[in-house]
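Read off the chains here:
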Amino acid sequence: MASHIVGYPRMGPKRELKFALESFWDGKSSAEDLQKVAADLRESIWKQMADTGIKYIPSNTFSYYDQMLDTTAMLGAVPPRYGWNGGEIGFDVYFSMARGNASVPAMEMTKWFDTNYHFIVPELGPDVKFSYASHKAVTEYKEAKALGVDTVPVLIGPVSYLLLSKPAKGVEKSFSVLSLLGKILPIYKEVISELKEAGASWIQFDEPTLVMDLESHKLQAFTEAYSALESTLSGLNVLIETYFADIPAKQYKTLTSLKGVTAFGFDLVRGTKTLDLIKGDFPKGKYLFAGVVDGRNIWANDLAASFSTVETLEGIVGKDKLVVSTSCSLLHTAVDLVNETKLDKEIKSWLAFAAQKVVEVNALAKALAGQKDEEIFSANAAALASRKSSPRVTNEAVQKAAAALKGSDHRRATNVSARLDAQQKKLNLPILPTTTIGSFPQTMELRKVRREYKAKKVSEDDYVKAIKEEIRKVVKLQEEFDIDVLVHGEPERNDMVEYFGEQLSGFAFSANGWVQSYGSRCVKPPIIYGDVSRPKSMTVFWSTLAQSMTARPMKGMLTGPVTILNWSFVRNDQPRYETCYQIALAIKDEVEDLEKNGITVIQIDEAALREGLPLRKSEQAFYLDWAVHSFRITNCGVQDTTQIHTHMCYSNFNDIIQSIIDMDADVITIENSRSDEKLLSVFREGVKYGAGIGPGVYDIHSPRIPSTEEIADRINKMLAVLETNILWVNPDCGLKTRKYTEVKPALKNMVDAAKLLRTQLASAK
């Protein structure tokens, strides 16, 4: 009986690590305090898995910020701007790479495949001097061992590490990061040798890039890497773990014939076709780590169905070579259902968070060994049956309305340039109009009043009064800075998805279902368990209130259907697009209500459009088709004079620019500053974009305050490739997580930069 967990959440059941990190960053606690919290968390995770009966327990999946950053530290690949002079990398250099510091910006952050987790992108070039500079993997293995737990140390595999890196600033864009393979392998060898010496008998390399469409030279790199490591790995059992999608046949063949590798891990939840490859040909005498428990969602596993899958696999690879596992790291799911005391009982019975998934993995492994726990299996079957037949899941009117959408196209009646003319007549904006993305800082007082209102400690009147006051303050501030299109600052909102989910039917919410997004930032995805509809208007009250406080246009702020979908735990009993169309219809009702109530600029954020993109090219067109259609459904009914904005976060847009154009928004604002204007190269290469566009002019994910000159310089770079009449000036993202001491000078400098350029452009004429 063998069971394995690919990786585990590190924030803690009550976000203990988050609070410890933030306290340390604020200078309120010491490095020792932070390390103590981390050690306690690791111990409880290892012990929990050991007590449950998991055989292959991972170590080194814990991180103070991000595992890719840990690997960068291990390899000593610190960009020169952080002034590191060798030696073991400490918190100062580590956190500067992640967050920037007073004098230098952070490294780029981007989405980890198609998840909502972000990793810190390594910056590499031909001159990087690699050296073994962080012994974390070995230290944590020894730490677990001292606690009596023998773990499987996990490393990001060398090829995936390189394939997920980018050429550093100033390095030729054409530089092949894979050419550094020979330089990083000696360090991997050192780490492996130390782990062996410390007593490790297994080692896990995560090579998730194997599920991508890879050119043959990239695929060849896997063969080269593991051949080169073969002699160092001898005497160890080596597991190569893949996840997030089906592995293509060519990659499967390369992977299963790698030298020195004893075991292969596959995601059999998202990768159902991989089963056929295993049935067709699995190497004799090798281990199969079967990822049958979903590491990316919170639904209870269908134990009977998974059991039948693993029984089939057992027939192929043999009893002693089959290991039951999670489909990927449990990092992407919530931590523990035990802390959900208020969740509806019936819905709770349908769920499994990370701690429960560990139990599911173990139950399947035991059943395979002939010790089936009938109680667990029958409770599971009962929960699945209740979910299938529950009347709260299905709403026939919604099903019908969504089904009716499929045949038609849902576009606005006129093209974007005609609409922009009509909107300009109404709005009368200057060139290079300024705006912000939506949220303003969420102060402690604000959070407190929301919390107390939820707990019924504050009356509705007092709550409304407090929020109204905050909106008034934000409106006044924007008018003082002379911003052109205002926002109300979203003081009434906890989170851009949760806020809407709480007002839609078909959604449930956890109290502690937090999932790490990046660093100490966590999100609490809503749970979509049934058909979605909008019982009543959601934002009209606050938006019209804010508009009544100013003569300037006030943006109505909504989250788009694709983002609500991608940032929720979505029901898995119908295709995702059906759920998305249902949400689109609900948002459409809201858009039309805002317009009826005099809101003429409406922003429908699709921050997460890109991250839902399937990893494989063959599946991307279908996704983009329904995702873009869902966005168009929300606003196809408005008048030409109503200006529809959308916003998109950290993402690589270059390959989906046609779809972005096809969304047919009037204005799009995009995160751009940390990714070093990668976005602008699309337009440099001749893509014609006729709608309004605001590539962010400064990075809000860092406390740094950019100068007027720096922002003006950024805008000038944009003007080199974009028409003056379509360019907007705005920050990268919402300002919710920043402090007013950072926001005020940054916005002032932003508006000053726009005015400076207006003057320059006018005199140039």
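What counts as what
Residues numbered from 1 in each chain as written. Predicted model: local features only at pLDDT ≥ 70, side-chain atom pairs only at ≥ 80, totals over all residues. Heavy atoms only, no water. Helix = DSSP H or I, 4+ residues; strand = E, 2+ residues; numbered from the N terminus. Rg over C-alpha atoms; globule rule 2.2 N^0.38 Å. Buried < 20%, exposed > 50% of the residue type's maximum accessible area, 1.4 Å probe, protein only. Contact = heavy atoms within 4.5 Å. Areas by Shrake-Rupley, 256 points an atom, 1.4 Å probe, with all protein chains shown as cover. Phe/Tyr/Trp six-rings, centres within 6.5 Å; stacked < 30°, edge-to-face > 60°. Expected span 1.5 Å × (residues − 1). Bend = angle between axes of the 7 residues up to and from the residue. Pairing = 2+ DSSP bridges. Axes fitted to C-alpha atoms, helices over the stretch in contact; angles between N-to-C directions. Lys, Arg positive; Asp, Glu negative; His and termini not counted. Salt bridge = Lys/Arg side-chain N within 4 Å of Asp/Glu carboxyl O.

Draft legend 1. The arrangement of the overall build of the chain in detail. In terms of regular secondary structure, the chain is built from 27 helices and 21 strands. Its C-alpha atoms give the chain a radius of gyration of 26 Å, within 12% of the compact-globule value 27 Å for 765 residues. Taken along its principal axes, the extent of the C-alpha atoms in the chain is 75 × 60 × 50 Å. Every one of the 765 residues in the chain was classed for burial, and the buried ones make up 62%. Expressed as a percentage of contacts within the chain between residues at least 6 apart in sequence, the contacts between residues at least 24 apart total 79%. A total of about 29,200 Å² of accessible surface is found on the chain, and carbon and sulfur atoms cover 51% of it.

Draft legend 2. Just the environment of Ile192, in detail. Of note, Ile192 is situated in helix H7 (residues 181-197). What makes Ile192 buried here is its relative accessible area of 0%. Ile192 sits 339 residues away from Asp531 along the chain, and the two C-alpha atoms are 50 Å apart. Those residues within four positions of Ile192 in sequence are excluded, and the remaining contacts are Ile203, Phe205, Leu229, Thr232, Leu233 and Leu236.

Draft legend 3. Summary view of the packing of aromatic side chains. Under the criterion given, the structure shown has 31 aromatic pairs. Ring centres of Phe113 and Phe244 lie 5.6 Å apart, and the angle between their planes is 55°; on these two criteria the pair is classed as tilted. Of the two residues, Phe113 is situated in the loop between strand E2 (109-111) and strand E3 (118-120) and Phe244 in the loop between strand E8 (237-241) and helix H9 (249-256); the sequence distance between them amounts to 131 residues. Summarising the burial analysis for this pair, Phe113 and Phe244 share the class buried.

Draft legend 4. Spatial organisation of helix H8 (residues 216-233). Compared with an ideal rise of 1.5 Å per residue, which puts 18 residues at 26 Å, H8 spans 25 Å between its outermost C-alpha atoms and is within 8% of the ideal. At Ser227, H8 shows its strongest bend, of approximately 25°. Those residues of H8 that fall on the buried side of the exposure criterion are Leu219, Ala221, Phe222, Ala225, Tyr226, Leu229, Thr232 and Leu233. For H8, the secondary structure elements touched by its buried residues are helix H6 (158-163), H7, strand E7 (202-206), E8 and H9. Looking one or two residues past H8, Gly235 carries a phi angle of roughly 90°, positive in sign.

Draft legend 5. View of the sheet that holds strand E15 (residues 527-533). The sheet built from three strands is open, its strands ordered E12-E15-E17 with mixed pairing. Strands at the two margins of the open sheet, each flanked by one partner only, are strand E12 (505-508) and strand E17 (569-570). Each of E15 and E17 touches helix H22 (residues 576-596); the most contacted strand, E15, lies at about 50° to it.

Draft legend 6. Molecular detail of the side chain of Glu207. Mapped onto the elements of the fold, Glu207 is located in the loop between E7 and H8. No salt bridge forms around the buried Glu207; measuring N to O, its nearest opposite-charge neighbour Lys218 is 13 Å away. Excluding anything up to four places from it in sequence, Glu207 contacts Gly157, Pro158, Val159, Ser160, Phe222, Tyr226, Ile240, Glu241 and Thr242.

Draft legend 7. Quick peek at the sheet that holds strand E20 (residues 667-670). With parallel pairing, the five strands of this open sheet are ordered in space as E16-E18-E19-E20-E21. Edge strands, defined here as strands with exactly one partner in the open sheet, are strand E16 (555-559) and strand E21 (692-695). Going from strand to strand, the sheet's axes swing by 20° on average, the running direction of each strand aside. With three bridges joining them, strand E18 (residues 601-605) and strand E19 (residues 643-648) adopt parallel strand pairing. What sits directly across from Ile602, in E19, is Ile644. Where H22 meets the sheet, it contacts E16, E18 and E19, and its direction lies at approximately 175° from that of E16.

Draft legend 8. Focus on unusual backbone geometry. A positive phi is found at Asp482, a non-glycine position, where the angle reads about 70°. Positionally, Asp482 belongs in the loop between helix H18 (460-481) and helix H19 (498-501). Although it is not a glycine, Glu490 sits at a positive phi angle of roughly 55°. Mapping Glu490 onto the fold places it in the loop between H18 and H19.

That is the geometry; function is a separate question.
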